[in-house]
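Commentary on secondary and tertiary structure
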Amino acid sequence: MALSIGIVGLPNAGKSTLFNALTANDVLAANYPFATLEPNVGVVGVPDPRLDVLGRMFESAKVVPATVQFVDIAGLVRGASEGEGLGNQFLAHIRETDAICQVTRAFRDPNVVHVDGEVSPASDIGTITTELILADLQTIEKALPRLEKEARLKKDLAETIEVVRRTQAALEKGVTAFAAGVDLAVLRELNLLTAKPFIYIFNCDEGELTDEATRAELTELVAPAQAIFLDAKIESELLELPPDEAAELLASTGQEESGLKMLAKVGFDTLGLQTFLTAGPKESRAWTIRKGSTAPEAAGVIHTDFQRGFIKAEIVSYEELVDAGSMNEARARGKVRLEGKDYVMADGDVVEFKFNV
Ligand SMILES: Nc1ncnc2c1ncn2[C@@H]1O[C@H](COP(=O)(O)OP(=O)(O)OP(=O)(O)O)[C@@H](O)[C@H]1O
Ligand SMILES: [Mg+2]
């Protein structure tokens, strides 16, 4: 299970600049609208200092982080659902993602054209959200006749249709599917864009990053969704620097973490995900699971056979393992527990699964 995030926003908002910074990629980011035509897909490891510690402790041949997939698509403009700009067909490239990240321009640089003539985060978010809602309405309009036809044979579809109709009514009022108060699981098959959780990134200039009043205002604008503030241009400069200088540059802008770390953290949080760890001479590795997953479900992320043949899990928390200094010492201290199939995994559990095949 890898977290995947679709990046949307107006043309020239800085989506590709951010994508490059996040994925250490080199796709075209340019000072003209609609620079991106084809979608860009990148997978990156989530920086996790715990893995380096485990890698040293177990003398692992390699360290494998959890991953996040980013999909950067063309810019959306007002009227895209009716063919304005590049239209909205390209939204199909983010239908399968877990979350949608709206990149909104806050930076002022007058040399970079704004498609609506002025920098206005609130209005831009309104435009993008409206276009996503309109795209979902188009999806529903296409799906309903098909569902109704199928429902003549499959009676249990009646409930689905009723949920789809309620969602349609909400969307028509400008409410996202996510906020419509319907059972999202029923809608899953439609892959509605606004049924996914939203994360907001405000692409700022340096001055804005430390401007508490602006940050508070923008945070409020999107609450209860989470807001991330970064300067995509500086993020891309971080890549060129050795780690200590990158940290220094980041700190000089008042930022504690890179955009990738912030986005991974918020993404995991928004989607209710967490990681558990495995460690040994072959590899130290972080695995992504849903919060509340049981030990067998976690085993299943590694291999379905591990879930099917699950017997028990040998678990020590990362902190206690590091405290002890080695697995043997953790065992001697009684910190290594044997857990059964009902155990609910905690973030940072270091695990060895015992199973039958
Ligand atoms: N924080 C920032 N401050 C100043 N300029 C920026 C910032 N972020 C991005 N830019 C500039 O804005 C321009 C547009 O960036 P980019 O190509 O990443 O936008 P985009 O959202 O991908 O646009 P499109 O939808 O056309 O593909 C580039 O010239 C980039 O250098
Ligand atoms: Mg682009």
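Residues numbered from 1 in each chain as written. Chains lettered and ligands numbered in written order. Predicted model: local features only at pLDDT ≥ 70, side-chain atom pairs only at ≥ 80, totals over all residues. Heavy atoms only, no water.

Digging into the coordination of the magnesium ion (ligand 2)
Selection rule: Here the term donor refers to an N, O or S atom within 2.8 Å of the metal (or 3.2 Å for Na, K and Ca), and because water is left out of the atoms, sites may appear incomplete. Numbering of helices and strands runs from the N terminus, with a helix taken as a DSSP run of H or I at least four residues long and a strand as a DSSP run of E at least two residues long. Buried means the residue's accessible area, taken with a 1.4 Å probe over protein chains only, is under 20% of the maximum for its type, while exposed means over 50%, and partly exposed covers the values in between.
Distances from the magnesium ion (ligand 2) to its protein donors, namely Ser16 (OG) and Thr36 (OG1), fall within the range 2.0 to 2.1 Å. Of this pair, serine 16 sits in helix α1 (residues 15–23) while threonine 36 sits in the loop between α1 and β2 (40–45), and the two are 20 residues apart along the sequence. Accessibility assignment for this pair places serine 16 and threonine 36 in one class, buried.

Quick look at the pairing of strand β9 (residues 283–290)
Test applied: Being paired, for any two strands, means DSSP has found at least two bridges between them.
Of all eight residues making up β9, six are buried, and the element is well covered by its neighbours. Bridge analysis of strand β8 (residues 273–279) against β9 gives seven bridges, and the strand direction is antiparallel. Looking at the pairing, threonine 275 lines up with threonine 288 of β9. The turn linking β8 back onto β9 is made up of three residues.

A short note on a negative patch on the surface
We count it as follows: Like-charged residues are merged into a patch within 9 Å and nonpolar side chains (Val, Leu, Ile, Met, Phe, Trp, Tyr) within 5 Å, provided each residue has over 30% relative accessible area and no salt bridge. The protein chains shown are the only cover counted for residues, whose accessible areas, like all others here, come from Shrake-Rupley with a 1.4 Å probe. A side-chain nitrogen of Lys or Arg and a carboxyl oxygen of Asp or Glu constitute a salt bridge if their distance falls within 4 Å. His residues and chain termini do not enter the charge count, which takes Lys and Arg as positive and Asp and Glu as negative. Where a charge sits is defined by one atom per residue type, namely NZ (Lys), CZ (Arg), CG (Asp) or CD (Glu).
On the surface, a cluster of negative charge is made up of Asp26, Glu206, Glu237 and Glu240. By secondary structure assignment, the location of aspartate 26 is in the loop between α1 and β2. The exposure class assigned to aspartate 26 is exposed, which follows from its relative accessible area of 73%.

A short note on the packing of helix α3 (residues 121–151) against helix α7 (residues 212–222)
Quick reminder of the rule: To define axes, lines are fitted to C-alpha atoms, for helices over the stretch in contact only, and angles between the resulting N-to-C directions are given on a 0 to 180 degree scale. Under this scheme an angle from 65 to 115 degrees is roughly perpendicular, one under 35 degrees roughly parallel, and one over 145 degrees roughly antiparallel; angles in between are oblique. When the near helix sits turned anticlockwise from the far one by under a right angle, the crossing is termed left-handed; a clockwise turn instead gives a right-handed crossing. Contacts are assigned to residue pairs with any non-hydrogen atoms lying within 4.5 Å of each other. Three categories are distinguished: nonpolar for Ala, Val, Leu, Ile, Met, Phe, Trp, Tyr, Cys and Pro, charged for Asp, Glu, Lys and Arg, and polar for the others, with Gly belonging to the last.
Across the interface, α3 lies against α7 with an axial gap of 11 Å and an inter-helix angle of 20 degrees. Relative to α7, α3 is oriented roughly parallel. When you trace α3 past α7, the crossing you get is right-handed. Between α3, through Pro121, Ala122 and Ile125, and α7, the contact on the second element is made entirely by Leu218, Leu221 and Val222. For the contact of α3 with α7, a count of residues per class yields six nonpolar, no polar and no charged.

Points about empty space enclosed by the protein
Put simply, the test is: Put simply, the grid is 1 Å and covers the protein atoms alone, a cavity is a trapped set of points that fit a 1.4 Å probe, a pocket is an open set with protein on both sides within 12 Å along at least five of seven lines, and lining residues have an atom within 4 Å of a point. Grid points are joined across faces, edges and corners, and a volume is the space filled by probe spheres set on the points.
Throughout the structure, instances matching the rule amount to one cavity of 30 Å³ or more. Taken as a whole, the largest cavity spans an internal volume of roughly 80 Å³. Lining the largest cavity are 14 residues, with Leu10, Ala13, Arg105, His114 and Asp124 sitting closest to its centre. Mapped onto the lining of the largest cavity, the elements with two or more residues apiece are β5 (99–105) and α3. Split by residue class, the lining of the largest cavity holds seven nonpolar, five polar and two charged.

Points about the confidence of the model for the protein
Test applied: The predictor attaches a confidence to each residue, and that confidence, scored 0 to 100, is pLDDT.
Per-chain confidence: the protein averages 94 in pLDDT, with 100% of residues scoring 70 or above. Of all the helices and strands in the protein, β2 carries the lowest mean pLDDT, 90, while strand β6 (residues 198–203) carries the highest, 98. As a predicted assembly, this complex carries a pTM of 0.91 together with an ipTM value of 0.99.

Observations concerning helix α2 (residues 49–57)
Counted only if it meets this: It is the directions from the helix axis to the C-beta atoms whose arc is reported.
Three or more residues of α2 are buried, namely Arg50, Leu51, Leu54 and Gly55. When α2 is viewed along its axis, its buried side chains cluster within an angular range of 135 degrees and face the same direction. What points out from α2, more than 90 degrees from its buried face, is the exposed set Pro49 and Arg56. Structurally, α2 contributes buried residues whose contacts are with β3 (62–64), β8, β9, α13 (318–324) and β12 (349–355). Of the residues trailing α2, glutamate 59 is marked for its positive phi of about 50 degrees.

Details of the site of ligand 1
What counts here: One heavy atom within 4 Å of a molecule or strand is enough for the residue carrying it to be called near that molecule or strand. Under this definition, polar contacts are N or O atom pairs within 3.5 Å; protein pairs additionally need one hydrogen-donor-capable and one acceptor-capable atom, and for neighbouring residues in sequence, both atoms have to be side-chain atoms. A cavity or pocket is said to hold a molecule if more than half of that molecule's atoms lie within 2 Å of its grid points.
The local shell around ligand 1 holds 24 residues, among which Lys15, Thr17, Phe34, Ala35 and Asn203 are the closest. The backbone of phenylalanine 34 places a nitrogen or oxygen atom 2.6 Å from an oxygen atom of ligand 1. With respect to ligand 1, the backbone of cysteine 204 contributes an N or O atom lying 3.0 Å from a nitrogen atom. Burial of ligand 1 by the surrounding chains reaches 94%, relative to a free accessible area of 650 Å². Of the pockets mapped on this structure, ligand 1 occupies the largest pocket. The dominant element in the shell around ligand 1, judged by the number of residues it contributes, is α1, at three residues. Tallied by class, the residues present in the shell around ligand 1 amount to 13 nonpolar, eight polar and three charged.

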